[in-house]
Amino acid sequence: MRTTVGIIGGGPAGLLLARLLHLAGIECMVLESRTREYVEHRQRAGMLEQGTVDALRACGAAGRLDAEGLVHQGIELRFAGERHHLDFPVLTGGRTVTIYAQTEIVKDLVALQLAEGPPLLFEAEALAVEQPESGAPVVRFRHEGREQTLTCDWIAGCDGFHGIARGAFPAETSRTYAHDYPYSWLGILADVAPSCEELIYARGERGFALHSMRSPAVSRLYLQVPNGTDPQDWPDERIWDELAARFAIDADWTLARGPITAKSVTPMRSHVHEPMRHGRLLLAGDAAHIVPPTGAKGLNLAVSDVSLLARALTDVHRTGSTQLIDRYSELCLSRVWQATRFSYDMTRMLHAQPNGDAFESRVQLARLRRITASRHAAAELAANYTGLPLPV
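Residues numbered from 1 in each chain as written. Predicted model: local features only at pLDDT ≥ 70, side-chain atom pairs only at ≥ 80, totals over all residues. Heavy atoms only, no water.

Draft legend 1. Looking closely at the packing of aromatic side chains. In this structure the tally under the stated criterion is nine aromatic pairs. Pairing F247 with W253 gives two aromatic rings, centres 6.1 Å apart and planes at 65°, and the pair type is edge-to-face. Assigned by exposure class, F247 and W253 land together as buried. Each member of the aromatic cluster is reached from another via a ring pair, and the members are F88, W185, Y201, F208, Y222 and Y385. Taking NZ or CZ as reference, R34 lies 4.2 Å from the ring centre of Y38, over its face. When the ring centre of W154 is taken as origin, the NZ or CZ atom of R280, which lies over that ring, is 4.5 Å away. (Phe/Tyr/Trp six-rings, centres within 6.5 Å; stacked < 30°, edge-to-face > 60°. Buried < 20%, exposed > 50% of the residue type's maximum accessible area, 1.4 Å probe, protein only. Lys NZ or Arg CZ within 6 Å of the ring centre and 35° of its normal.)

Written out as structure tokens, the structure reads:
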């Protein structure tokens, strides 16, 4: 089998890249190791930067997003019994964020791909990337019980943190920067209308809590918990009681409760792999970088990666110019590191430290006071939260 661009991974990064290449007239094929049902139902992020919404609209994948997405004008910070609203359009010159679940983005892109796009193979497990330094790199994969090869001009590794693409980079030219945080998030989905119009980030001595939503009828909430926590050790009533305590303010506000339909624990880590290109193999999304979910950057970084990668591959295809693709890693990493820095800062500012460090606690409060008292500081947070521009 042969194609111009072989894409490993049928998540949002791989599917959006395939959509963009298809619109540019570039042949490609997507290999996804999981079933369609699995891919369309795995729970992931749901906060979209302005640039992500714009990218989905530009490629014709935003019909349901525009109809069902929840546009948010800002976020609320809670600490010391107080609530503070950050107005993003005022602080950024009109930019907003939108709540629309990653699962729905994947469903939309899969439907487009199967209806009018290039080939998409489910249950096609990528086994190895071979000869990435050559002009005809190969993906070896297993599909329908048979091992096959896909020869390409370029290979895009969009197969996530645990995929095989990153492992094809030579150890001697690879650098990994990682940080593990000393806490995790216990996340729940609940069949109850959200108790807020916009996301609430709550910092307190009991730990961090986040109130988000998936729809007008479904709430998504998170609690800071110790690493290694078993979600089964948290019965529903205990979760709701703890959430209510962490969101409490010195005002009349009540957390609505309802049936919890899903529980999971997410470890918190930062991880960046450099470079993002080796020969004709290019990484995008979680295959190259992981950030803690506090800043809601994971999905949005994947979209910015593949938006730039699609432009670079289109330049090569149409004009033969390699100027942009030769800078792909450099340009992506400049934005990746800014998002990594922002996610780290948000995480450290809002989470209680397990060692109970009183000095760190006071510094956290000072940071929050600065943001809520200074338009300049608030605008800096808003600019990062709504999404920094692409470097080119």
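Draft legend 2. The arrangement of helix α12 (residues 375-386) in detail. Over its 12 residues, α12 extends 16 Å from the first C-alpha to the last, a length consistent with the 16 Å expected when each residue adds 1.5 Å. All of the buried residues in α12 are A377, A378, L381, A382, N384, Y385 and T386. Where α12 starts, the residue carrying a side-chain oxygen 3.3 Å from the main-chain nitrogen of H376 turns out to be S374. Where α12 terminates, the next one or two residues include G387, which has phi positive at roughly 110°. (Helix = DSSP H or I, 4+ residues; strand = E, 2+ residues; numbered from the N terminus. Expected span 1.5 Å × (residues − 1). Polar contact = N/O pair within 3.5 Å; in protein donor to acceptor, adjacent residues only side chain to side chain.)

Draft legend 3. Focus on the pattern of salt bridges. Scanning the entire structure with this criterion turns up 26 salt bridges. Where R64 meets D108, a salt bridge forms, and the shortest distance between an N and an O atom there is 2.8 Å. Remark: D108 occurs in helix α6 (residues 102-116) and R64 occurs in helix α4 (residues 63-68); sequence separation between them is 44 residues. Given a relative accessible area of 29%, R64 falls into the partly exposed group. Relative accessible area serves as the criterion here: at 13%, D108 is assigned to the buried category. Through salt bridges that share partners, R64, E68, E104, K107 and D108 make up one connected network. (Salt bridge = Lys/Arg side-chain N within 4 Å of Asp/Glu carboxyl O.)

Draft legend 4. Representation of the nonpolar core. Counting 75 residues, the largest nonpolar core has I7, L17 and L21 as the members making the most contacts within it. One finds Y181, V192, F247 and F342 within the second-largest nonpolar core, a separate group that totals 52 residues. (Core = buried A, V, L, I, M, F, W, Y, C linked by side-chain atoms within 4.5 Å.)

Draft legend 5. A look at the sheet that holds strand β9 (residues 124-130). Strand order in the open sheet made by the three strands is β9-β10-β11, with antiparallel pairing throughout. For this open sheet the edge positions go to β9 and β11 (146-151), each flanked by a neighbour on one side alone. When strand polarity is set aside, the average angle formed by the axes of neighbouring strands in this sheet is 25°. Sheet topology note: the β9/strand β10 (residues 138-143) ladder contains six bridges and is antiparallel. The partner of E125 across the bridge, within β10, is R142. (Pairing = 2+ DSSP bridges. Axes fitted to C-alpha atoms, helices over the stretch in contact; angles between N-to-C directions.)

Draft legend 6. Here's a closer look at the sheet that holds strand β6 (residues 82-87). Strand order in the open sheet made by the eight strands is β6-β5-β14-β15-β16-β13-β17-β20, with mixed pairing throughout. Every other strand in the sheet has two partners, leaving β6 and β20 (289-290) as the edge strands with one partner each. Where strand β13 (residues 175-190) and strand β17 (residues 260-274) come together, 13 bridges link them in antiparallel fashion. The residue of β17 that forms the bridge with L189 is A262. Across the face of the sheet, helix α7 (residues 236-247) comes into contact with β5 (74-79), β13, β14 (200-202), β15 (209-215), β16 (218-225) and β17 while running at roughly 80° to β16. (Contact = heavy atoms within 4.5 Å.)

Draft legend 7. Examining the environment of Q148 more closely. Of note, Q148 is situated in strand β11. The exposure class assigned to Q148 is buried, which follows from its relative accessible area of 13%. Spatially, the C-alpha atom of Q148 lies 8.0 Å from that of M1, the residues being 147 residues apart in sequence. Those residues in contact with Q148 that sit more than four places away from it in its chain are M1, V139, R140, F141 and H143.

Draft legend 8. Region of interest: the environment of D159. Along the chain, D159 falls in the loop between β12 (154-157) and β13. We classify D159 as buried; its relative accessible area is 18%. For the pair D159 and A287, spaced 128 residues apart in sequence, the C-alpha to C-alpha distance is 5.8 Å. In contact with D159, other than residues within four places in its own chain, are I8, G9, I164, A165 and A287.

Draft legend 9. Representation of the packing of helix α1 (residues 12-23) against α6 within the structure. At a minimum axis separation of 9 Å, α1 and α6 run at an interaxial angle of 40°. The two elements α1 and α6 cross, and the hand of that crossing is left-handed. Packed against α1, whose contacting residues are P12, L15, L16, A18, R19 and H22, the element α6 presents Q102, V106, L109, V110, L112, Q113 and E116 at the interface. Per-class residue counts for the contact of α1 with α6 are eight nonpolar, three polar and two charged. (Left-handed = near helix turned anticlockwise from the far one by under 90°. Nonpolar A, V, L, I, M, F, W, Y, C, P; charged D, E, K, R; others polar.)

Draft legend 10. Spatial organisation of helix α3 (residues 50-58). Of all the residues in α3, the buried ones are Q50, T52, V53, A55 and L56. G60 lies just past α3 and shows a positive phi near 75°.

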